[in-house]
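Commentary on secondary and tertiary structure
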Amino acid sequence: MKHRSRQEINQLIAQHALLPLFNPDDLEISKNIITAAYGGGVRLFECTNRSADALSIFKQLVPFVEKNLPDLVLGAGTIMDERSAIAFYDAGAQFIVSPVIPEDVAKFCQKNDIFWCPGASTLNEIVHAHALGADLVKIFPANFTGGPGFVKAIKAPCPWLKLMPTGGVDGSEKNLKEWFEAGVLCVGIGSQLFIREILAAKNYSMITTRTREMVTVIQSIKSKLP
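Residues numbered from 1 in each chain as written. Predicted model: local features only at pLDDT ≥ 70, side-chain atom pairs only at ≥ 80, totals over all residues. Heavy atoms only, no water.

A short note on the nonpolar core
Note on soluble globular proteins: their nonpolar side chains tend to be buried together. I34, F45, L72, L74, I96, I126 and V187 are the most contacted members of the largest nonpolar core, which totals 78 residues. When residues no more than four places from it in sequence are discounted, the contact partners of L74 are I34, F45, C47, F58, L61, V62, V65, G92, A93, Q94 and F95. (Core = buried A, V, L, I, M, F, W, Y, C linked by side-chain atoms within 4.5 Å. Buried < 20%, exposed > 50% of the residue type's maximum accessible area, 1.4 Å probe, protein only. Contact = heavy atoms within 4.5 Å.)

This is the structure we're talking about:
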């Protein structure tokens, strides 16, 4: 798989402003979910490293995506150390997301021109992450850090910060509008998009419908921002 530069991923993140995330613990289900999200307009997708088989499944998803979903950029999340970053990058991950700020991952991504998005919950952590080379900082868990009001407050003295809330983004038009008006670059969303009951019913067409609605709402909101 051709490696996409940090600049390319930055442009795609700014353009699409939506990063769905899912924990791949079953290959066929993961294929169906990613395909459904792609059908709804998603062009970036984060596979989290939260199960024992996550890396093995990811290695099989990469060629599937290359063949069937050629415009999709697949990345790896919940990357806690350099060893995991190397493993997923070698498997084809185009970007790396972490829930915290592992400095060895920062150095690895800087060295290899990899888009890196660590997680933070305070202004000091966010600024520190940017100083280490973060392209984007994940506000996590966003629902416990003060919500859109927190983002608005810290963007006032630090307007250059690039932020993505994850955890606490419910996908409603009202909620999305609050986040983007506060100044986030994009939003990360998992369980609120891939709802347990929908997955249990294997209603993948509903995932496509929900994704398409969310993509449309986000683009509409962005078009009205100053």
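Some words on helix 1 (residues 6-16)
Every buried residue of helix 1 is accounted for by R6, I9, N10, L12 and I13. Along helix 1, the residues classed as buried sweep out an arc of 165° about the axis, all on the same side. Positive phi shows up at A17, right after helix 1, with a value of about 60°. (Helix = DSSP H or I, 4+ residues; strand = E, 2+ residues; numbered from the N terminus. Arc of directions from axis to C-beta.)

Structural notes on the packing of aromatic side chains
Applying the stated rule across the entire model yields five aromatic pairs. With a centroid separation of 5.8 Å and an interplanar angle of 80°, the aromatic rings of F22 and F194 are classed as edge-to-face. Here F22, found in strand 1 (residues 18-22), pairs with F194, found in the loop between strand 9 (187-189) and helix 9 (196-200); they are 172 residues apart in sequence, far enough to count as distant. Taking the relative accessible area as the measure of exposure, F22 reaches 13% and is therefore buried. With a centroid separation of 5.3 Å and 65° between ring planes, the pair formed by F58 and F88 is classed as edge-to-face. Placement of F58 in helix 3 (residues 54-68) and of F88 in helix 4 (residues 82-91) is noted, with a sequence separation of 30 residues between them. For F58, a relative accessible area of 0% gives the class buried. (Phe/Tyr/Trp six-rings, centres within 6.5 Å; stacked < 30°, edge-to-face > 60°.)

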